[in-house]
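Breakdown of the fold
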Amino acid sequence: MTSAGRFAPSPSGELHVGNLRTAILAWLFAKSTGRDFLLRVEDLDRARSGAEAEQLRDLEAIGVSWDAAVVRQTERGALYEEAISRLTAEGRTYECFCTRREIQEAPSAPHSPQGAYPGTCRRLSEAEREIRRASRPASIRLRSDAAEWAVEDQLHGPYVGVVDDFVLRRNDGVTAYNLAVVVDDAAQGIDQVVRGDDLLPSTPRQAYLATLLGLPVPEYAHVPLVVNHDGVRLAKRDGAVTLGDLAAVGVSAERVRDLLLESLGLPAGSLEDAVPEFDPRRLPREPWVWKTPRA
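In this text the structure is predicted, and so the values were computed from the model without any measurement.

Criteria and cut-off values
For every chain, the first residue of its written sequence is number 1, and the numbers climb from 1 along that sequence. Only residues with pLDDT of 70 or above have their local features reported here, since the model is predicted, and side-chain atom pairs are shown and tallied only from 80 upward, although totals for entire chains, interfaces and linings are computed over all residues. The basis for every side-chain value is the complete set of non-hydrogen atoms in the structure, without hydrogens or water. Here a pair means two rings of Phe, Tyr or Trp (six-membered ring of Trp) with centres within 6.5 Å. Their orientation is stacked below 30 degrees between planes, edge-to-face above 60, and tilted elsewhere. To qualify as a helix, a DSSP run of H or I must reach at least 4 residues; to qualify as a strand, a run of E must reach at least 2; elements of each kind are numbered from the N terminus. The buried label goes to any residue with under 20% of its type's maximum accessible area, the exposed label to any with over 50%, and the partly exposed label to all in between, with areas taken from a 1.4 Å probe on protein chains only. Paired strands, in this sense, are two strands between which DSSP finds at least two bridges. By definition in these notes, contact holds between two residues if any of their heavy atoms fall within 4.5 Å. Fitted lines through C-alpha atoms give the axes, limited to the stretch in contact for helices. The angle between two N-to-C directions lies from 0 to 180 degrees. In what follows, roughly perpendicular refers to angles from 65 to 115 degrees, roughly parallel to angles under 35, roughly antiparallel to angles over 145, and oblique to any angle outside these ranges. In this scheme the crossing of two helices becomes right-handed for a clockwise turn of the near helix relative to the far one and left-handed for an anticlockwise turn of less than a right angle. Within 3.5 Å is the distance limit for a polar contact, defined as a pair of N or O atoms, with the added protein rule that one can donate a hydrogen and the other accept it, and that residues adjacent in sequence qualify only through two side-chain atoms.

1. Let's talk about the packing of aromatic side chains
In this structure the tally under the stated criterion is three aromatic pairs. Here Phe-29 and Phe-278 contribute two aromatic rings whose centre-to-centre distance is 5.1 Å and whose plane-to-plane angle is 70°, an arrangement assigned as edge-to-face. Of this pair, Phe-29 sits in helix H1 (residues 17-32) while Phe-278 sits in the loop between helix H10 (271-274) and strand S12 (288-289), placing them 249 residues apart in sequence. Of the residues examined, Phe-29 reaches a relative accessible area of 1% and is grouped as buried. Pairing Trp-288 with Trp-290 gives two aromatic rings, centres 5.8 Å apart and planes at 75°, and the pair type is edge-to-face. Overall, Trp-290 belongs to the buried group, its relative accessible area being 6%.

As structure tokens, this is what we get:
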């Protein structure tokens, strides 16, 4: 299978310049290492009608292309169920009946992050599970035998993160992100994952799960985010931050692309022309502050 990188947006709305900058970086990482570049729509949750088409249009407008048909997570449920069934057969899953509030309020192990699962339902008897099933549906959690896991990141170096009994399938039947992303990356031959550094803390869970499933662990590069003038991760409430909003004030997609390339220390122009100049070692390590350009 051909090695590949990818960009995997959730179709919850238009992409903003932070998303577009990460897409450009993922494309440059892939192309500079001779990989294919794939696009996966992560539409298991928060999908808005028409958002996928808007996102594909905006990616094409800044020069991001992909080398195979777009894949959608909602079309891949059988793969996720196969993975959960395999883990269950190995005794690596259990039902969980806890609410989010109960988890947040429960005491956790020392040094665990806020919201890490404390194992409340891990040792329930069958009789106790029967009682709880009558009141609410269960999620499916991984029965982890590791407290932490180490990954190597191209920009951050060695990173060790907590691995708790995280959810594999929510109690509404939707596959959880941490499982879906692991299964999808392996199925698509994706061996390079470039994404925002806000996702670095979840990466050890995913690498650990891949190992349990006998799947290869990709190379990781978690890139700095784009932030507003207050240093907060950019959001659509921060003014003209989408291509549509920027076009309305006279800023073209080509100019946005050039600004994003320049923010990475790369020459303005096509993405293809930027590939020979791209070197991850020279990438900025700090968040980039977005300032809406003048028309």
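2. A short note on the sheet that holds strand S2 (residues 36-41)
Taken together, the three strands give an open sheet; going across it, the order is S1-S2-S3, and neighbouring strands pair in parallel fashion. Two strands in the sheet have a free side with no partner beyond their single neighbour: strand S1 (4-7) and strand S3 (71-72). Across two bridges, S2 lies against S3 in parallel orientation. Opposite Arg-40, over in S3, you have Val-71 as the bridge partner. This element, H1, spans S1 and S2 of the sheet and lies at about 145° to S2.

3. Thoughts on the packing of H1 against helix H9 (residues 253-263)
It is at 10 Å that the axes of H1 and H9 come closest, and there the two elements cross at 65°. The pairing of H1 with H9 is recorded here as roughly perpendicular in orientation. Crossing angle aside, the handedness with which H1 passes H9 is right-handed. Contacts from Val-17, Leu-20, Arg-21, Ile-24 and Leu-28 in H1 reach Val-256, Leu-260, Leu-261 and Ser-263 in H9.

4. A closer look at the sheet that holds strand S5 (residues 139-142)
As summarised here, the arrangement of the three strands in space is S4-S5-S8, forming an open sheet in which the pairing is antiparallel. Here the strands that pair on one side only, and so sit at the sheet edges, are strand S4 (93-96) and strand S8 (167-169). The mean angle between the axes of side-by-side strands here comes to 45°, regardless of whether they run parallel or antiparallel. Across two bridges, S5 lies against S8 in antiparallel orientation. Bridge pairing in S8 places Arg-141 opposite Val-167. Helix-sheet contacts for helix H3 (residues 77-89) involve S4, S5 and S8, and the interaxial angle to S8 is about 125°.

5. Brief notes about the side chain of Ser-263
By secondary structure assignment, the location of Ser-263 is in helix H9. Residue class for Ser-263 comes out buried when judged on its relative accessible area of 11%. Here Leu-260 takes part through its backbone oxygen, which lies 2.6 Å from a polar atom of the side chain of Ser-263. Those residues within four positions of Ser-263 in sequence are excluded, and the remaining contacts are Arg-21, Pro-284 and Trp-288.

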